[in-house]
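Fold and contact review
Spelled out from the first residue to the last, the chains are:
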There are 2 protein chains.
Amino acid sequence: MTAKLLSGAEVAQAILAQAKTDADELKAKGINPKLVVFRVGEDPGSISYEKGIIKTVNDVNIDFANYIFPENVTQEEFIAKLKEANDDKNVSGILVFKPLPAQLDEEEIKYTLNTLKDPDAMNPANLGKLMIEDERGFSPCTPEGVMEMFAHYGIDLVGKDVVVINRSVVFGKPMAMMLAAASATVTICHSKTKNLAEKCKAADIVITAVGRYGMVTPDMLNENAVLIDVAMSQKKDKEGNFVLNEKGKKIRTGDSLEECAEKAAMITSATPGCGGGTGPITSALLTKHLIKGCKMLNGLL
Amino acid sequence: MTAKLLSGAEVAQAILAQAKTDADELKAKGINPKLVVFRVGEDPGSISYEKGIIKTVNDVNIDFANYIFPENVTQEEFIAKLKEANDDKNVSGILVFKPLPAQLDEEEIKYTLNTLKDPDAMNPANLGKLMIEDERGFSPCTPEGVMEMFAHYGIDLVGKDVVVINRSVVFGKPMAMMLAAASATVTICHSKTKNLAEKCKAADIVITAVGRYGMVTPDMLNENAVLIDVAMSQKKDKEGNFVLNEKGKKIRTGDSLEECAEKAAMITSATPGCGGGTGPITSALLTKHLIKGCKMLNGLL
């Protein structure tokens, strides 16, 4: 059997289209949703990431600004600016880029960030809201992207056995909370888990986020399984050397071997031929969160 | 085989003894740990619960006060008093009794409560701290009591398969977060879970918190299993009628049948002959949390 390919790009398109409709409606009412990025220094990776965000929010008609601090910014200066943005009625969401330089206290920063302007769930209070199923909270975008995938493709979760291979605070733990709230039976697995293959084989749905190509192999899946692979990895051969494509570049993959697409019932993974993975949903959700924050701040939610 | 009985009362005694030592040490430094209860009205159940708390904190040399509000207290009055206690340097912890009358907005109250003075983890920010493993947070006492039980009896969790039958915010979800952080492989089960008996039978540790006597039967356990039953229930016969003792009173139980003590390797449950359950640990942990809060507030942690 060949798996149905689940397309994160298709789900992302639907989310972005809705965000654009919502942003246009808000603007017609004189309300301008606006994202502000806090960035320290000129790290090329951060600048490239920021460019991607600018394109995404511009495409859906959400305004953008950035506050760029010098590398030697003090905690007082950073917090003062953050509080200003917290209180600024024209700001709907704030993204603080990490890592931060050593002199900044991330602990104080994350708890200072206005919980209603926190589209990336940096403030732990938003993780608490996720746990109590408070709909006015923000969830981390990667696990929420998996839930969007299930919803888009009509994949029922009630009573399903779901294995999550990851226990991090950005993915596995919030993913487990969302799945339990959706009435799935969820098992949180990790490096200390025994008989992982057996657990996956018995599952209706396997969600993996390890970052190691080959982590999930076809013999770990049953023929009715849905495999959601959110990992970003690179292809290696059996000796552990990178496999290069015809242009001499590394090949992007997820955790899954290509052959998983011949075994599972449904699959998405960044591994070639496996649907592409959930990455595009993660960035699209930023726009959905910004609209939600903007509506909450304006008494429309 | 007969299970080793795990005694919640024994664990609680150890926690209370440590709290008393800590409180005495703080008082010798001129610091008085103090619990304040916020209670609305004169509900007999609440008053009885409060009396138990007063005895517990008095026994370990922690000070106590209560703010008693009339049934018609306004949100403004309640919040004003809460903020006063939040800022009062002589208050180490605040317990808000529930349920609250309809005119009070519990949402605002729980987010207003000072996270450092929140021994019962009412403020969702403390659940967020649990998720990110921030040691300056407070966890809900019931699941933390289970972790205290494991620690006291030297029960290793690394790589163990643990089934948790409960997905509530006060128990199952935080329990799962604690177990995953302790490197157990945790499965969150609930009313929609299929093949529950099979899942329990395969587990090294089963933790149940349903509140239904007979929920866990010996055939659901393997002979090496550790069964932690935190439920408070009453004994019923097969027809669903309460079974009464020789004095005509209902018989307190957990979720487990008595016969589980003949099957598992270790057990604790409120069911007669099963070790007594974790209840005593839950109330003892309040004193541990008060000491912790008092130390944090005084820069000693």
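Rules used throughout
Residues numbered from 1 in each chain as written. Chains lettered and ligands numbered in written order. Predicted model: local features only at pLDDT ≥ 70, side-chain atom pairs only at ≥ 80, totals over all residues. Contact = placed C-beta atoms within 7 Å. Helix = DSSP H or I, 4+ residues; strand = E, 2+ residues; numbered from the N terminus. Nonpolar A, V, L, I, M, F, W, Y, C, P; charged D, E, K, R; others polar. Pairing = 2+ DSSP bridges. Buried ≥ 20, exposed ≤ 12 C-beta atoms within 10 Å, placed from the backbone. Domains from an automatic or database assignment. Least-squares fit on C-alpha atoms with pLDDT ≥ 70 in both. Axes fitted to C-alpha atoms, helices over the stretch in contact; angles between N-to-C directions. Left-handed = near helix turned anticlockwise from the far one by under 90°. Right-handed = clockwise from strand over helix to strand, strands pointing away. pLDDT = per-residue confidence, 0-100. Expected span 1.5 Å × (residues − 1).

1. Points about the interface of chain A and chain B
Tallying the contact residues gives 26 residues for chain A and 26 residues for chain B. At the level of secondary structure, the elements contributing two or more residues to the side of chain A that touches chain B comprise helix H5 (124-131), helix H7 (172-181) and strand S6 (185-189) of chain A. Counting residues per element, the side of chain A that touches chain B draws most heavily on H5(A), which supplies seven residues. In the side of chain A that touches chain B, the residues fall into 13 nonpolar, seven polar and six charged. Where S6(A) meets strand S6 (residues 185-189) of chain B, three bridges bridge the pair, whose relative direction is antiparallel. Within S6(B), the position partnered with Ile188(A) by the bridge is Val186(B).

2. Focus on helix H7 (residues 172-181) of chain B
Residue and element names in this part refer to chain B. Counting buried residues in H7 gives nine out of ten residues, a clear majority hidden from the surface. Where H7 is concerned, the buried positions are Gly-172, Lys-173, Pro-174, Met-175, Ala-176, Met-177, Met-178, Leu-179 and Ala-180. Immediately beyond the C-terminal end of H7, within one or two residues, lies Ser-183, with a positive phi of roughly 70°.

3. Brief notes about the domain arrangement of chain A
When the domains of chain A are assigned, the result is domain 1 (32-118) and domain 2 (140-281). Domain 1 of chain A and domain 2 of chain A are separated by 31 Å when their C-alpha centres are compared.

4. What to know about the relation of the copies chain A and chain B
If you rotate chain A by 180° and push it 0.0 Å along the axis, it lands on chain B with an RMSD of 0.0 Å. Taken together, the turn and the small shift mark the pair as related by a two-fold rotation axis. Most of the interface of chain A is mirrored in chain B: 100% of its interface residues are interface residues there too.

5. Comments concerning the packing of helix H6 (residues 141-152) of chain A against H7(A)
Residues and elements named next belong to chain A. At a closest axis distance of 8 Å, the pairing of H6 and H7 adopts a crossing angle of 35°. Our pair here, H6 against H7, has a crossing hand that is right-handed. Touching Pro-143, Val-146 and Met-147 of H6 are Pro-174, Met-175 and Met-178, all from H7. Classifying every residue of the contact of H6 with H7 by side-chain character gives six nonpolar, no polar and no charged.

6. So, the sheet that holds strand S7 (residues 205-208) of chain A
Sheet architecture is open: twelve strands sit in the order S1(A)-S11(A)-S8(A)-S7(A)-S5(A)-S6(A)-S6(B)-S5(B)-S7(B)-S8(B)-S11(B)-S1(B), paired in mixed fashion. Unpaired on one side and paired on the other, strand S1 (4-5) of chain A together with strand S1 (4-5) of chain B mark the two borders of the sheet. Where S1(B) lies against strand S11 (residues 266-268) of chain B, two bridges are found, and the strand directions are parallel. Looking at the pairing, Leu5(B) lines up with Ile267(B) of S11(B). In this fold H7(B) packs onto S6 of chain A together with strand S5 (161-165), S6 and strand S7 (205-208) of chain B, with an angle of close to 170° to the strand it touches most, S6(B).

7. Some points on the sheet that holds strand S3 (residues 63-69) of chain A
Residue and element names in this part refer to chain A. The strand order across the open sheet built from three strands is S3-S2-S4, with neighbouring strands paired in parallel fashion. Each edge of the sheet is formed by a strand with only one pairing partner; in this case those strands are S3 and strand S4 (93-96). In this sheet, adjacent strand axes meet at a mean angle of 20° when their direction is disregarded. Pairing between strand S2 (residues 34-40) and S3: seven bridges, direction parallel. Residue pairing for S3: Val-37 is matched across the bridge by Asn-66. Taken strand by strand, helix H2 (residues 44-59) contacts S2 and S3, and its axis lies near 175° from that of S2.

8. Let's talk about the pairing of strand S2 (residues 34-40) of chain B
Residues and elements named next belong to chain B. For S2, the tally of buried residues reaches five of seven residues, placing the bulk of the element in the interior. Taking the sense of rotation as the criterion, the β-α-β connection linking S2, helix H2 (residues 44-59) and strand S3 (residues 63-69) turns out right-handed. In the sheet, S2 pairs with strand S4 (residues 93-96) via four bridges, with the strands oriented parallel. Paired with Leu-35 across the two strands is Gly-93, which belongs to S4.

9. Here's the deal with the environment of His152(A)
Residue and element names in this part refer to chain A. Examined against the element boundaries, His-152 turns out to sit in helix H6. Among the residues examined, His-152 registers 17 C-beta atoms within 10 Å and is labelled partly exposed. His-152 sits 142 residues away from Glu-10 along the chain, and the two C-alpha atoms are 9.1 Å apart. Excluding anything up to four places from it in sequence, His-152 contacts Val-11 and Ala-14.

10. Brief notes about unusual backbone geometry
Following Lys98(A), the chain continues into Pro99(A) via a peptide bond in cis, with omega recorded as 0°. Although it is not a glycine, Asn195(A) sits at a positive phi angle of roughly 55°. Overall, the presence of 14 C-beta atoms within 10 Å leaves Asn195(A) in the partly exposed class. With a phi angle near 70°, Ser183(B) is a residue other than glycine that sits in the positive phi range. By the secondary structure assignment, Ser183(B) is in the loop between H7 and S6.

11. Quick notes on the confidence of the model for chain A
Residues of chain A with pLDDT of at least 70 account for 100%, and the chain-wide mean is 96. For this predicted complex, the interface score ipTM comes out at 0.94, alongside a pTM of 0.95.

12. Overview of the pairing of S6(B)
Residue and element names in this part refer to chain B. Burial within S6 is extensive, with five of its five residues counted as buried. Burial of S6 is two-sided: the residues Thr-185, Thr-187 and Cys-189 facing one way and the residues Val-186 and Ile-188 facing the other way are all buried. Bridge count for S5 against S6 is five bridges, and the pairing is parallel. Within S6, the position partnered with Ile-165 by the bridge is Cys-189. In the classification by handedness, the crossover that spans S5, the intervening H7 and the parallel S6 is right-handed.

13. Brief notes about H2(B)
A rise of 1.5 Å per residue sets the reference length of H2(B), with its 16 residues, at 22 Å; its end C-alpha atoms lie 23 Å apart and thus fit the reference within 8%. Asn61(B) lies just past H2(B) and shows a positive phi near 75°.

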